[in-house]
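Each chain, letter by letter, is given below.
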Amino acid sequence: MTTETLIWLIPLPPILAFFLIVLFTNRNKALSHSIGVGAALLSWIGSMVVFVRAIGVENLGKTPFVSSINWLPTGDTWLRIGVLVDPLTAVTLFFVAWTVLMIFIYSVGYHNFGQPEGDHDHKGLPPHGATVEEHGHKHVVPSIEPMYSRFFAFIGLFAFGMFTLVVSDNLLTLFVGWEIMGLCSYLLIGFWYGKKSARDAAIKAFMTTRVGDVFMLLGIAYLYSVTGTLSFREIFSETTLHTLAAIPSGVLGFSTAGLIGLLLFIGTVGKSAQFPLHVWLPDAMEGPTPVSAMIHAATMVSAGVYAVIRMFPLLSLDAQTMSIVAFIGAFTALFAATIALAQNDIKRVLAYSTISQLGYMIAALGIGAYVAAAFHLMTHAFFKALLFLGSGSVIHGMEHGVLHTGNHKVDPQDMFNMGGLRNKMPITFWTFLLGGFALSGFPLITAGFWSKDEILADAFAHNLPVFITLAIAAFLTAFYTMRQITLTFLGEPRTEEAKHAQETPWTMTLPLIVLSVFAVGYGWLGIPEHFPVLGGLVPNWIHEFVGGTLAEHPEALDFNIVPLLTSLVVALGGLGLGYLFYRNVNSSTEDKLQIGFLKNKYYFDEIYDVVFIKPVTWFADKVVYQIMDKGFIDGILHLFGPGTQGIGDTIRNYFDLPVINRFLGDGSANATYWSGEKLRVVQTGRIQQYLMLGLILFLAIGAILYFFVLA
Amino acid sequence: MVPLSWYLIFSAALFSIGLFGVLSRRNAVAILLGIELMLNSVNVNLAAFWRYGNVTDIAGQVFAIIVFAVAAAEVSVGLALVISIYRKRNTVIADDIDMLKF
Amino acid sequence: MTVDQIIFLVVAVGTLIAALRVVTTGNLVHAALWLIATLFGVAVTFAILHASFLAVVQVVVYIGAIAILFIFAVMLTRKEMRDRGPQMNRNWWFGALLAAVTFGGLALIVSGWSGVTKTATAYPSDFDAVSALGNALVSPDAYVLPFEVASVLLVAALVGAVYVAFNRK
């Protein structure tokens, strides 16, 4: 089968899985997960085949795999949609396919497949455990998720959205995939819809990303109105880019290209949870952990960065836009890292860490480091997915302990309830450690080091303030990562529940192991040429391959010792300090970093509530509902009722009754009656009078006949 | 040498007198008397036409014979009816027999 | 004025006067008697017209049966022996008017007919009207059917009259 056909088919298995599960196999859990994992596997196979073929092509950037069809007639022309596999798409497909497949396999174990149904589990609430009799005494074991099949259906739809976005060759289908993922994030964050916090978090996520999406749609519409096309290859042609750069947009001195780029970037600000639209991501931890991994590591937030990377030729035309992008990226990176320091929930730390790392990538793009941003995107997907899945494994182990002790007041996600888990859950520990080191940028052996180092090198070369900000953020990243690892795994168990934690089944640990391989090894594909000792041994494949996507191949930087030293210092220093500080901390009261405004996320949620939510709610209630809907529209409708009645009454009283009832109806009856009454006198009953009448008539007719007819 | 018209006028006058009797008399029997007069005028007419036409064609007289029979039948039935009504309603005044009145 | 005409006029006028007395007299028995006179006058008219059989039948049937029947009827329907009193009903003048109009109309039609002034041809001396009538009444080529139907009619009238007037007491 040709590569182009295969590319079209890649998004197909997950959407088929969605429909099959929803329509047919919802009741059968085993069949549902088989369909789901099978679909992920098929897409994975397709993606791998396409990837292998793609890397074999010389100069894929100039001659990508393309296939498009006429889709929407627009007057004389057609809007075309189709697929495109250039180097950026190929590497993105690679990590998306792997992470999606790992998350699907992980979900089987996470939702406790094979376990009995819970004692009092409801659909819409997390499962609470089932009591089983074993060897005479009862104990509580984890129970299977009641909405098991639904989960696989939703993540299937999610995977479809992501694959569509990645392989699309135009902004329209990219936006379609974008919105599908937005929908699925709503469905999956609110998966346990019985919990109010989950429902609120789902709405918050959807609303916040929607704000970004509105601007993105404006950008798409603006782009279409100026260029008449949405297809990437046509937008990024020389002439189109020149035209866009040349025309001023009239807004604040941006060129058309800059304004479009800015609008599209705002979509990414929403989707990738950059400041100021970051508020939804921490709350999104309400969803099950595979969802967090999927949304916040592998796919959805990466889609935001992918979109900006894709639109890089457009954005780079305007210096103002680029500086806004760089600023937001760097600021977010530092801002989120500071908040992560004071979080106690194991998933929240990772959530803010994701925001921070995405800020890295955005900042890298803002300063023009195209390849570095793409590289960090790829490595981040792997180690962040690894970290999230690892945290899910930890939570599962802790929940086992909670079910054992029966004390449901203990939060299995609070790091201060953990400790010493390295002995109880070794596989989880070692993989989490590798992931954490990759996140911190542990030198040489982790992928995160290579990608972060490249960003820092680029920042140093082009934009010193960004460099300093990112360096501080890197230090904080290493610090809070080590804090997390120390509190969770090192030391001694601080609670009974932690003592009874257990390692998780193979369906959960196998994906961890696979992802950790990538978290370590992937970085070696991107060793810069001029790196001391190691550079040049292995060609910088990432730079060559991904760089080929752009029209002009970006040049490799000269090596500079300063960024390298900086990254070594911040990484190792952060890790070491983190371990030292938290070795002996046993509870949150001893933690000196539990500063109020850090813990409460700088009170941004409260600020947004007062500034945006409450006024809008007030407006919706008072103005739109009371005045416009009930008052105005209902008022018009209420006019119809009495109005119609009035018309009816008028017709009845002025036409129906007098004319039809009285004049025609009663009138004809009365006329008949009157004529009958008057004519009845003819019928006297006297035959002589009848005879006379007959005779008169006869004479009359006879006369007429005689005089007129027979004459 | 009597012209035919004299017989015809004669029978017309007889007919009209009978008609007057039918229309104006109170007593039901008297009405029947008037009817008899009318039938007789018809017979005169028929006989006159027979005589003043082709005498050998006896159809005129045959017609008159049949009229006799019919008249006889009619008067007998009519009088029987009058008698029956007289027995029922104790009156022979035609105006009083108005049960077909509205 | 020939003798025939004079005889005819006398008979006609007499008959008409008798007819007038029939319809105007108050006493019903008198009316019946005047009817007999009228019928006799008509019989004479028949005789003048050489319809001898008709004349005799007129006398026998009409006067001999029907008039008698009238007298019987008058007798059987007398209430308080009082057959005087007004014998004309309320609208008799309208009846008179109609009768006059009828006469006028008939006279008009008669006078408009072309053959009205015809005079009678001579009566053939060898023609036996009675036997011809008899033949005509029973001959299948002639009028036996009306004759038989008339007899049926008489039977029906007979039965009907008996039934209607039957005194069921």
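Residues numbered from 1 in each chain as written. Chains lettered and ligands numbered in written order. Predicted model: local features only at pLDDT ≥ 70, side-chain atom pairs only at ≥ 80, totals over all residues. Heavy atoms only, no water.

## Side note on the overall build of chain B
Part 1 of the reasoning: Along its length, chain B carries three helices and zero strands.
Part 2 of the reasoning: The linear arrangement of helices and strands in chain B, starting from the amino end, is α-α-α.
Part 3 of the reasoning: Looking at chain B as a whole, 68% of its 102 residues are labelled buried.
Part 4 of the reasoning: Sequence separation of 24 or more characterises 59% of the internal contacts of chain B that already satisfy a separation of 6 or more. (Helix = DSSP H or I, 4+ residues; strand = E, 2+ residues; numbered from the N terminus. Buried < 20%, exposed > 50% of the residue type's maximum accessible area, 1.4 Å probe, protein only. Contact = heavy atoms within 4.5 Å.)

## Focus on the overall build of chain C
Part 1 of the reasoning: Helices and strands together make up the secondary structure of chain C, namely six helices and zero strands.
Part 2 of the reasoning: When the helices and strands of chain C are placed in sequence order, the string is α-α-α-α-α-α.
Part 3 of the reasoning: Buried residues in chain C amount to 34% of all 169 residues.
Part 4 of the reasoning: A separation threshold of at least 6 residues defines the contact pool for chain C, and within that pool the share at least 24 residues apart is 48%.

## A word on the interface of chain C and chain A
Part 1 of the reasoning: Counting residues at the interface gives eleven residues for chain C, matched by nine residues for chain A.
Part 2 of the reasoning: Of the roughly 810 Å² buried between chain C and chain A, counting both surfaces, carbon and sulfur atoms make up 70%.
Part 3 of the reasoning: Of all residues in chain C, the largest losses of buried area upon contact with chain A belong to N89(C), L98(C) and L108(C), amounting jointly to 42% of the total for that side.
Part 4 of the reasoning: Linking chain C to chain A there are zero salt bridges.
Part 5 of the reasoning: Counting the contacts that link chain C with chain A gives zero residue pairs in polar contact (both at pLDDT 80 or more). (Buried area = accessible area lost by both parts, 1.4 Å probe. Salt bridge = Lys/Arg side-chain N within 4 Å of Asp/Glu carboxyl O. Polar contact = N/O pair within 3.5 Å; in protein donor to acceptor, adjacent residues only side chain to side chain.)

## Looking at the pairing of strand β1 (residues 65-74) of chain A
All names here are of chain A.
Part 1 of the reasoning: Note: β1 against strand β2 (residues 77-85), nine bridges, orientation antiparallel. The partner of F65 across the bridge, within β2, is V85.
Part 2 of the reasoning: The loop that links β1 with its antiparallel partner β2 comprises two residues; one of these, G75, has a positive phi angle of about 75 degrees. (Pairing = 2+ DSSP bridges.)

## Some points on the pattern of salt bridges
Residues and elements named next belong to chain A.
Part 1 of the reasoning: Inspection of every chain in the model, using the stated rule, returns twelve salt bridges over all chains.
Part 2 of the reasoning: A salt bridge links K196 to D200; its shortest N-O distance comes to 2.8 Å. Of this pair, K196 and D200 both sit in helix α7 (residues 196-227), four residues apart, which is roughly one turn of that helix.
Part 3 of the reasoning: For K196, a relative accessible area of 51% translates into the label exposed.
Part 4 of the reasoning: For the salt bridge of K204 with D283, the shortest nitrogen-to-oxygen distance reads 2.8 Å. Highlighted residues: K204 in helix α7 and D283 in helix α11 (residues 280-283), separated in sequence by 79 residues.
Part 5 of the reasoning: On the basis of relative accessibility, which here comes to 16%, the residue D283 falls in the buried class.

## Notes on the confidence of the model for chain C
Part 1 of the reasoning: For chain C, per-residue confidence averages 87 on the pLDDT scale, and residues scoring 70 or more make up 95% of the total.
Part 2 of the reasoning: Per-residue pLDDT, averaged within each element of chain C, yields its smallest value for helix α5 (residues 129-138) of chain C (89) and its largest for helix α2 (residues 28-48) of chain C (93). (pLDDT = per-residue confidence, 0-100.)

## Describing the environment of S292(A)
Residues and elements named next belong to chain A.
Part 1 of the reasoning: Assignment of secondary structure puts S292 in helix α12 (residues 289-298).
Part 2 of the reasoning: When the C-alpha atoms of S292 and P282 are compared, they prove to be 9.8 Å apart, with ten residues separating the residues in sequence.
Part 3 of the reasoning: Beyond its immediate sequence surroundings of up to four residues, S292 is in contact with A284, M285, G287, A297, K347 and F388.

## Re the pairing of strand β3 (residues 130-134) of chain A
Part 1 of the reasoning: Here β3(A) runs beside strand β4 (residues 137-141) of chain A; their pairing, made up of five bridges, is antiparallel. For E134(A), the partnering residue across the bridge sits in β4(A) and is H137(A).

## Focus: the interface of chain C and chain B
Part 1 of the reasoning: At the junction of the two partners, chain C supplies 85 residues and chain B supplies 69 residues.
Part 2 of the reasoning: Of all residues in chain C, L49(C), Y62(C) and F70(C) bury the most surface against chain B, accounting for 9% of the area lost on that side.
Part 3 of the reasoning: Joining chain C to chain B, the criterion identifies zero salt bridges.
Part 4 of the reasoning: At the junction of chain C and chain B, the tally comes to six residue pairs in polar contact (both at pLDDT 80 or more).
Part 5 of the reasoning: Counting residues per element, the side of chain C that touches chain B draws most heavily on helix α1 (residues 3-24) of chain C, which supplies twelve residues.

## Structural notes on helix α20 (residues 447-462) of chain A
Residue and element names in this part refer to chain A.
Part 1 of the reasoning: Taking 1.5 Å as the rise per residue, α20 with 16 residues should run 22 Å; its terminal C-alpha atoms sit 23 Å apart, in good agreement.
Part 2 of the reasoning: The buried count for α20 comes to twelve of 16 residues, which makes it a mostly enclosed element.
Part 3 of the reasoning: Turning to α20, its buried residues are A447, G448, F449, W450, S451, K452, D453, E454, I455, L456, D458 and A459. (Expected span 1.5 Å × (residues − 1).)

## What about the side chain of T332(A)?
Residues and elements named next belong to chain A.
Part 1 of the reasoning: Locating T332 in the fold gives a position in helix α15 (residues 319-340).
Part 2 of the reasoning: Accessibility expressed as a relative area gives 0% for T332, which makes it buried.
Part 3 of the reasoning: The residues contacting T332, other than those within four sequence positions of it, are A273, Q274, F275, I355, S356 and G359.

## Notes on the packing of aromatic side chains
The relative placement of two aromatic rings is captured by the distance of their centres and the angle of their planes.
Residue and element names in this part refer to chain A.
Part 1 of the reasoning: Tallying each qualifying case throughout the model produces 46 aromatic pairs over all chains.
Part 2 of the reasoning: Considering the side-chain rings of F327 and F331, the 5.9 Å spacing of their centres and the 20 degrees angle between planes classify their relative orientation as stacked. Of the two residues, F327 and F331 are both situated in helix α15; the distance of four residues between them amounts to about one turn of the helix.
Part 3 of the reasoning: F327 sits in the exposed class, given a relative accessible area of 56%.
Part 4 of the reasoning: Under the relative-accessibility criterion, F331 is labelled partly exposed at 32%. (Phe/Tyr/Trp six-rings, centres within 6.5 Å; stacked < 30°, edge-to-face > 60°.)

## A short note on the environment of A303(A)
Residues and elements named next belong to chain A.
Part 1 of the reasoning: Mapping A303 onto the fold places it in helix α13 (residues 300-310).
Part 2 of the reasoning: Judged by relative accessible area, A303 falls into the buried class, the value being 0%.
Part 3 of the reasoning: For the pair A303 and L377, spaced 74 residues apart in sequence, the C-alpha to C-alpha distance is 9.7 Å.
Part 4 of the reasoning: Apart from the residues lying within four places of it in its own chain, the contact partners of A303 are M162, L165, W178 and M181.

## Topic: the packing of helix α5 (residues 148-167) of chain A against α12(A)
Residue and element names in this part refer to chain A.
Part 1 of the reasoning: Remark: α5 packs on α12, axes separated minimally by 12 Å, with the N-to-C direction vectors making an angle of 5 degrees. One element, α5, and the other, α12, form an angle in the roughly parallel class. Contacts between α5 and α12 involve F151, I155, F158 and A159 from the first element and P290, V291, M294 and I295 from the second.
Part 2 of the reasoning: Along the lines of polarity and charge, the residues of the contact of α5 with α12 split into eight nonpolar, no polar and no charged. (Axes fitted to C-alpha atoms, helices over the stretch in contact; angles between N-to-C directions. Parallel < 35°, antiparallel > 145°, perpendicular 65-115°, else oblique. Nonpolar A, V, L, I, M, F, W, Y, C, P; charged D, E, K, R; others polar.)

## Things to note about a nonpolar patch on the surface
Part 1 of the reasoning: On the surface, a nonpolar cluster with roughly 1,000 Å² of combined accessible area is contributed by L697(A), I701(A), I704(A), L705(A), F707(A), F708(A), V709(A), L710(A), L108(C) and I109(C).
Part 2 of the reasoning: For the nonpolar patch, the secondary-structure elements that each account for two or more residues are α28 (687-709) of chain A together with α4 (92-111) of chain C.
Part 3 of the reasoning: With seven residues, the single largest contributor to the nonpolar patch is α28(A).
Part 4 of the reasoning: Take I704(A): it is sitting in helix α28. (Patch = residues over 30% accessible without salt bridge, like charges linked within 9 Å, V, L, I, M, F, W, Y side chains within 5 Å. Areas by Shrake-Rupley, 256 points an atom, 1.4 Å probe, with all protein chains shown as cover.)

## Some remarks on unusual backbone geometry
Part 1 of the reasoning: Here the bond from F275(A) into P276(A) is cis, since omega is 0 degrees, no more than 30 degrees from zero.
Part 2 of the reasoning: Of note in the backbone geometry, A273(A) takes a positive phi value of approximately 55 degrees without being a glycine.
Part 3 of the reasoning: Within the secondary structure, A273(A) is located in the loop between α10 (256-271) and α11.
Part 4 of the reasoning: Non-glycine residue N90(B) carries a positive phi angle of around 60 degrees.
Part 5 of the reasoning: Relative to the helices and strands, N90(B) is located in the segment after α3 (59-89).

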